[in-house]
Structure formats: C-alpha cells, structure tokens
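# Residue-level structure breakdown
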Amino acid sequence: MTRVTGVVVAHGDLARALVRAVERIAGVGDALVPVSNTSCTPETLEQRILDAVGEGPAIVFTDMASGSCAFACRRALFRRGGVAVVTGVSLPMLLDFLFHRDMQVEALADRVAGKARDATVVHRGADGRAS
Amino acid sequence: MGLELIRVDDRLLHGQVVVGWGQRLDLRWYLVADDELAESEWEQQLYRDALPPGTEAEFVGVEAASDRVPRLSERPEAGALLTRGTGAMRRLAEAGVLEDRRVDVGCVGAGSGRKQLLAYVHLSPDEAEDLRRIRSLGAEVVARDVPSARPVSLDVLLERLNDD
C-alpha cells in the first residue's frame, strides 16, 4: 500500500522546527517535508508545495487558516485529487499522522484534525483558575 | 470609519492583513481590485473561506474599483482596499481616486527582475516607477508590513533600489 506523504507548510522557520521536533520525539525521519514561505511570491510558494507533495496521496499541514500558506496550499491543490489540506498544524497532529500513514487520505485527515482538537486542553488549578 | 487601509500586497488577504491590520483597525470589509480575480469565482471563494466571521470580501476589476473608491469613505464600518501589485494601484491613482490618501506597500515577494529593498518588499524598476507615479498623483507612499512597524518612505526604497 502507498503511504501518505506528509508536507508541513508554514510561516518562517515554523515548518522546519515542527518537523525536527516530531523526528526527535518519534525517532522517525524522512516522513514529513517542511516548506517555508520565506522569500516566496505566491507563485513560488505554490511551486514549492507542488514539488513537495509529488504524485501520490498526501496530507498538507499548514498553520493559519487565514494565512498565505494555507491559501497557497488550497489554490495549488484545488484540482489535485488525493490530497487533503489541514490547518492548525501542531505536534499532536503530526505525531498521530506519523503512525497512521497507511490510512486513506480523507479518513486520516479527519483523524489527525480530531487528535489536534482533543489535545487542546485548558488545565486549571484546584481553585478553578488557570494554573 | 470607511476606507482605513490602502495596500499593495501580493498575498492579498493573508495573516498580516486579516489578523494584523484587521484586528488593529477593526476591518469588516475588503475590496480587492484585481482584473483576474474578479473573473475567478473559485479563487474568490478560497479567500472568503479564510476570513474571520463578520467580515466580507468583494473582488472587482480595477476600473470598477476606481468607481467605487470615492464612496467607500461613507461606509459605516472600516475596511481596506487591496491590490496584488503596484500596476493596479497605479491605475487607481491615475483614475484620480487616491489623492491625499496613504498607500502602504506590504508584502511584495522576490521575483524575476526584483531587488530586495526590505525584508518584505522586493521591487523592479518598473514597479518603483509605478510607486513614483502614485506619489506624483497626490498619494503618500510608504512601506509597512504590520501596524507596529515604522513606515519606510518611498524615498528610502528608491535609494536602496539605486544602490549597487
């Protein structure tokens, strides 16, 4: 079975930092490709994304839903089947992706988005205030 | 209220605009002057999908935008006028609707024939000429990416363009 490619597209150095952190935590390398928007025009960013995604099934993780990275992902991949764009990238999301790359793209995208939501928790102290 | 921001930005509706400026100025509407986008419904939808609730975006050709600008100041809520490049902004200036306004140059990325003048501004000589023309038609032209940044005058940009 073809494994799903993971691409992280984010502002500045964020994608590289996230990918490095995931690799250090999980001990798995070469599963995620970081893409930065630094020094890019919208056109060059879209080309970087397409190059990173390649031909097979892929999930593109990006940071802000309203950001230029997310827009470039959605525009570049609008007519490309077998690719999902997931915004709000986080470590829990990427770690879960890493160990489920044999799933179908759509199901996997829903799964990792749910994992990220579940991982967002407000911890309060004993008095009910934020600790 | 009304037209609070006029900006050249090759990314149009992105984080710096929608979050940075949008939060600071409480922008509720965006008018994008772009001949290509005005004809592309699916791209318009991509932009609209990413807008915060309570905000709206309209995409019109440059000529239609120039007809609209004089009335934008009458709108009760704050908004912004955006173009992707200097050429479209120059056309608006030449239509006579930017006099006594300030035009911000935001993100203009690296590209063929362009020189990096600031971290976020890259211009070709032709684009610099567009900005000179906009200023000659009565608009102040500065570079500024986010509201907290100090505006950089067009003269500084032109000096850097001409430096070897």
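Residues numbered from 1 in each chain as written. Chains lettered and ligands numbered in written order. Predicted model: local features only at pLDDT ≥ 70, side-chain atom pairs only at ≥ 80, totals over all residues. Heavy atoms only, no water.

Bringing the overall build of chain B into the picture now. Helix and strand counts for chain B come out as six helices and nine strands. By the compact-globule yardstick of 15 Å for 164 residues, chain B fits well, its C-alpha radius of gyration being 15 Å. Principal axes of the C-alpha set define a box for chain B whose edges measure 45 × 30 × 30 Å. A total of 164 residues make up chain B; the buried ones form 52% of that total. Sequence separation of at least 24 residues holds for 70% of the intrachain contacts in chain B that already meet a minimum separation of 6. Across chain B, the mean location of the 21 positive side-chain charges is 4 Å away from that of the 31 negative side-chain charges. (Helix = DSSP H or I, 4+ residues; strand = E, 2+ residues; numbered from the N terminus. Rg over C-alpha atoms; globule rule 2.2 N^0.38 Å. Buried < 20%, exposed > 50% of the residue type's maximum accessible area, 1.4 Å probe, protein only. Contact = heavy atoms within 4.5 Å. Lys, Arg positive; Asp, Glu negative; His and termini not counted. Charge placed at Lys NZ, Arg CZ, Asp CG, Glu CD.)

Glancing now at the side chain of Arg144 of chain B. Looking at where Arg144 of chain B falls in the secondary structure, it is placed in the loop between β8 (140–143) and β9 (152–153). Ignoring anything within four residues of it in the chain, the contact list for Arg144 of chain B reads Arg7, Trp21, Arg102, Asp104, Val105, Gly106, Tyr120, Ala149, Arg150 and Pro151 of chain B.

Before going further, it helps to examine helix α5 (residues 105–118) of chain A. Residue and element names in this part refer to chain A. Compared with an ideal rise of 1.5 Å per residue, which puts 14 residues at 20 Å, α5 spans 20 Å between its outermost C-alpha atoms and is within 8% of the ideal. Val105, Leu108, Ala109, Val112, Ala113, Gly114 and Ala116 are the residues of α5 that are buried. For α5, the elements touching its buried residues are β3 (58–62), β4 (83–86) and α4 (91–98). (Expected span 1.5 Å × (residues − 1).)

Here we take up the nonpolar core. Ranked by size, the top nonpolar core spans 37 residues in total, and within it Leu81, Leu92 and Leu98 of chain B carry the most contacts. If we ignore the near neighbours within four places in the chain, the residues touching Leu81 of chain B are Leu3, Leu5, Ile6, Arg7, Leu31, Ala33, Val69, Leu92 and Leu98 of chain B. Counting residues in hydrophobic clusters, the runner-up holds 24 residues, among them Ala15, Val22, Leu32 and Val86 of chain A. (Core = buried A, V, L, I, M, F, W, Y, C linked by side-chain atoms within 4.5 Å.)

All right, on to helix α2 (residues 41–49) of chain B then. Residues of α2 of chain B that are buried: Glu43, Gln44, Leu46 and Tyr47 of chain B. The arc that holds every buried residue of α2 of chain B, seen down its axis, measures 155°, which confines them to one face. Buried positions along α2 of chain B lie against α3 (68–76) of chain A together with β3 (56–60) of chain B. (Arc of directions from axis to C-beta.)

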